[in-house]
Amino acid sequence: MRSNRIRTTVLAATAVLAALSLTACGGADGTDAKKPAASVQATDDASTAAPDKDSTAPTDAEPASDTTKPAEKPATRPAGKPAESAGKPASKPQPKPKSPVTCTGANTKVTVTKVTRPINHLLLTVTNTGDRPCYAYHAPMLRFDGAQAVFRVLQDSKPQAVVTLDPGESAYAGIGLTGEPNGQKPYPSKHLGVTFADRNDGPINSASAELTLPAGTYWDDNGFVTYWQSEMSDALVY
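Rules of the game
Residues numbered from 1 in each chain as written. Predicted model: local features only at pLDDT ≥ 70, side-chain atom pairs only at ≥ 80, totals over all residues. Heavy atoms only, no water. Helix = DSSP H or I, 4+ residues; strand = E, 2+ residues; numbered from the N terminus. Buried < 20%, exposed > 50% of the residue type's maximum accessible area, 1.4 Å probe, protein only. Contact = heavy atoms within 4.5 Å. Areas by Shrake-Rupley, 256 points an atom, 1.4 Å probe, with all protein chains shown as cover. Disulfide = S-S within 2.5 Å. Pairing = 2+ DSSP bridges. pLDDT = per-residue confidence, 0-100. Salt bridge = Lys/Arg side-chain N within 4 Å of Asp/Glu carboxyl O. Axes fitted to C-alpha atoms, helices over the stretch in contact; angles between N-to-C directions. Polar contact = N/O pair within 3.5 Å; in protein donor to acceptor, adjacent residues only side chain to side chain.

## Remarks on the overall build of the chain
Counting its secondary structure elements, the chain contains two helices and 10 strands. Secondary structure elements of the chain occur, N-terminal to C-terminal, as α-β-β-β-β-β-β-β-β-β-β-α. Across the 238 residues in the chain, those meeting the buried criterion constitute 26%. The long-range share in the chain, meaning contacts at least 24 apart out of those at least 6 apart in sequence, stands at 76%. Here the chain displays about 17,300 Å² of accessible surface, and carbon together with sulfur accounts for 56% of that area.

What follows is the structure, given as structure tokens:
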């Protein structure tokens, strides 16, 4: 009887141990079976979290590439060349002014006209026809046809400075045909010779001018001619 109880106890213990062994093996197998599923899930999660490197869709982590054409750099001019205004040609260098010369019959035009006031007066005009300024020195040297000497120069009419004429400009000299009446009979004349003076008031005989006088011109020894003046009114004030 006692022997049967011990056998029964041994058998029950053996059954329990067998059951525990089966449970342990089953637990181990179950854990190993679940591992691939977890790996698949982790792989899926990683695929969802990490974007495909080849994907062109922009994400928050990777901004969309800017396809706008980059701005062109302004053209640079070569060193050493001055910048030119748009639409305007480069200005030419201004020529240096030419040095003045002496006014003569070769680079001027001389005319003589009759004026109404003062009476018995003529106006002598010289115009620079050259391409450079000229100095009208002193007073013109006049000689009426038939006269033995040059006409008298009125010293009171001497200007403060030598008259300079740019190309195209004119100077003036007044001619008083007669002076105070002294019983002298005036001389009629039809032509007038005009000789220019140099810087030293010497005659420049190589370039004189021959003019035709207005009809009815008479002169006497008391007449005069003024110095060259810049203004016509200054020439006719005497």
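## Brief notes about the state of the cysteines
Per the stated rule, a full pass over the model turns up one disulfide. Through a disulfide, C103 is tied to C134; the S-S separation comes to 2.0 Å. With the S-S bond torsion at 80°, the cross-link from C103 to C134 turns out right-handed. Highlighted residues: C103 in the loop between β1 (101-102) and β2 (108-114) and C134 in strand β4 (residues 134-136), separated in sequence by 31 residues.

## What about the sheet that holds strand β6 (residues 163-165)?
On the basis of which strands lie adjacent, the open sheet formed by three strands has the order β1-β4-β6 and mixed pairing. The sheet is open, and its two edges are formed by β1 and β6, each paired on a single side. Sheet topology note: the β4/β6 ladder contains three bridges and is antiparallel. Bridge pairing in β6 links A136 to V163.

## Re the confidence of the model for the chain
Residues with a pLDDT of 70 or more make up 62% of the chain, whose mean pLDDT is 76. Across residues 1-6, where pLDDT falls below 50, the model places zero contacts with residues more than four positions away in sequence or in other chains. Taken together, the stretch residues 20-66 has pLDDT below 50 and engages in two contacts with residues farther than four places along the chain or on a different chain.

## Considering the pattern of salt bridges
Scanning all chains against the criterion turns up one salt bridge. Across the salt bridge formed by D131 and K98, the nearest N and O atoms sit 3.1 Å from each other. Here the residue D131 occupies a position in the loop between β3 (121-128) and β4, and K98 occupies one in the loop between α1 (2-49) and β1, the gap between them amounting to 33 residues. For D131, a relative accessible area of 54% puts it in the exposed group. The exposure class of K98 is partly exposed, given its relative accessible area of 42%.

## Examining the sheet that holds strand β5 (residues 141-144)
Sheet architecture is open: three strands sit in the order β5-β8-β9, paired in antiparallel fashion. A strand with exactly one partner marks an edge of an open sheet, and here the two such strands are β5 and β9 (203-219). The sheet shows a mean angle of 25° between the axes of neighbouring strands, taken without regard to direction. Sheet topology note: the β5/strand β8 (residues 187-197) ladder contains four bridges and is antiparallel. Bridge pairing in β8 links L142 to V194.

## Let's talk about the pairing of β3
The buried fraction of β3 amounts to seven of the eight residues, a majority that puts the element mostly inside the structure. Pairing between β2 and β3: seven bridges, direction antiparallel. Looking at β3, one finds that K114 is bridged to L122. Between β2 and β3, which pair antiparallel and follow one another directly, the connecting turn spans six residues, one of which, N120, has a positive phi of 60°. Bridging between β3 and strand β7 (residues 170-176) involves seven bridges; their strand directions are antiparallel. Pairing of L122 across the sheet is with I175, part of β7.

## A word on the side chain of S157
Structurally, the position occupied by S157 is in the loop between β5 and β6. Side-chain polar atoms of S157 contact the backbone oxygen of L154, separated by 2.6 Å. Once residues within four sequence positions are removed from consideration, S157 is found in contact with T226, Y227, Q229 and Y238.

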